[in-house]
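# Chains, contacts and geometry: an overview
Spelled out from the first residue to the last, the chains are:
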Amino acid sequence: KVDTHALYAMKTLRKKDVLNRNQVAHVKAERDILAEADNEWVVKLYYSFQDKDSLYFVMDYIPGGDMMSLLIRMEVFPEHLARFYIAELTLAIESVHKMGFIHRDIKPDNILLDHMGVIKFVDFGAAKVLSRRSISTNASRRSSSFLQPGAVNAQGQSLQGTPMYMAPEVVKGETQGRENAMDIWRLGCVILECAKGTRPW
């Protein structure tokens, strides 16, 4: 930003692509949650704007890349590093749940690392608002249900998130009253991937 010399990351989304992929609700949800969240574990959104062709999110610049890139380079983490990131992820998930929503798409691709190795969650398009304590009424109303086109569970309901990190209950449509626990399952998948280099599915 030229007037303050602050360094940001800018995410650019082509409106045409958002519409073609039926991701309008996904994008609105991410914008609303990132704008409302004041949390050390969540990437902060400073500005959002648009022109006739594209949408723009101006966010924290996180120089360390994502956890998936680090895993690809290292294949598996040594035990001390795996323990460090697992501890951080546990605190981050607890913090996000206390804010009143669940992420529903926790995976190494959505975990950024800052220059100190501290994690930051990104991509809240699949998130679900559980309460309105931290999210404004309008944001909650706009982001309470989003559809990821494609997969459905046993009850014919649309599935949110990435299939290889989903709990069996999600696929069966048996998450009622246990939705917080689904993020813990995803944490378990990430632990397995960090420590063993494999996923449950």
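From N to C terminus, the protein chain includes 7 helices and 7 strands. Looking at the protein chain as a whole, 43% of its 201 residues are labelled buried. Contacts in the protein chain between residues at least 24 apart in sequence constitute 64% of all its contacts with a sequence separation of at least 6. Only carbon and sulfur atoms are counted for the fraction: they give 53% of the accessible area of the protein chain, which is about 10,900 Å².

We now examine the pattern of salt bridges. Tallied over the entire structure, the rule returns 9 salt bridges. Put simply, D3 and K1 hold a salt bridge, and the shortest N to O gap is 2.8 Å. With a closest N to O distance of 3.1 Å, K52 and D53 form a salt bridge. The class for D53 is partly exposed, based on a relative accessible area of 45%.

On inspection of all chains with the given rule, the structure shows 6 aromatic pairs. Aromatic pair F49 and Y56: ring centres 4.9 Å apart, planes at 20°, arrangement stacked. For F49, a relative accessible area of 42% translates into the label partly exposed. Ring plane angle 80° and centroid distance 5.5 Å describe the contact between F101 and F124, whose orientation is recorded as edge-to-face. Taken together, the positions of F101 in strand β4 (residues 101-102) and F124 in the loop between β6 (119-121) and β7 (128-129) put the pair 23 residues apart, joining distant regions of the chain. Of the aromatic side chains, those joined through ring pairs into one cluster are Y8, Y46 and Y47. The aromatic ring of Y46 is capped on one face by K44, whose charged end is 5.6 Å from the ring centroid.

Time to look at the environment of T12. For T12, the position within the fold is in strand β1 (residues 8-14). Sequence separation of T12 and S54 is 42 residues, and the distance between their C-alpha atoms is 6.6 Å.

Another point: the confidence of the model for the protein chain. When the pLDDT values of the protein chain are averaged, the result is 82; 84% of them are 70 or greater. Least confident of the elements in the protein chain is helix α5 (residues 137-143), whose mean pLDDT is 36; most confident is strand β5 (residues 111-113), at 95. Low pLDDT, under 50, characterises residues 133-157; the predicted model gives this stretch 55 contacts beyond four residues in sequence or across chains.

Attention now goes to helix α3 (residues 67-74). All of the buried residues along α3 are M67, M68, L70 and L71. Buried residues of α3, viewed axially, fall in a sector of 160°; they line one side. Turned more than 90 degrees from where α3 packs its buried face, I72 and R73 sit exposed. Looking at the packing, one finds that the buried side of α3 touches α4 (79-99), β5, β6 and α7 (179-196).

Alignment of strand β2 (residues 45-50) against strand β3 (residues 54-60), held across 5 bridges, turns out to be antiparallel. Pairing of Y47 across the sheet is with V58, part of β3. Between β2 and β3, which follow one another and run antiparallel, lie 3 residues.

Reading guide: rules and limits
Residues numbered from 1 in each chain as written. Predicted model: local features only at pLDDT ≥ 70, side-chain atom pairs only at ≥ 80, totals over all residues. Heavy atoms only, no water. Helix = DSSP H or I, 4+ residues; strand = E, 2+ residues; numbered from the N terminus. Buried < 20%, exposed > 50% of the residue type's maximum accessible area, 1.4 Å probe, protein only. Contact = heavy atoms within 4.5 Å. Areas by Shrake-Rupley, 256 points an atom, 1.4 Å probe, with all protein chains shown as cover. Salt bridge = Lys/Arg side-chain N within 4 Å of Asp/Glu carboxyl O. Phe/Tyr/Trp six-rings, centres within 6.5 Å; stacked < 30°, edge-to-face > 60°. Lys NZ or Arg CZ within 6 Å of the ring centre and 35° of its normal. pLDDT = per-residue confidence, 0-100. Arc of directions from axis to C-beta. Pairing = 2+ DSSP bridges.

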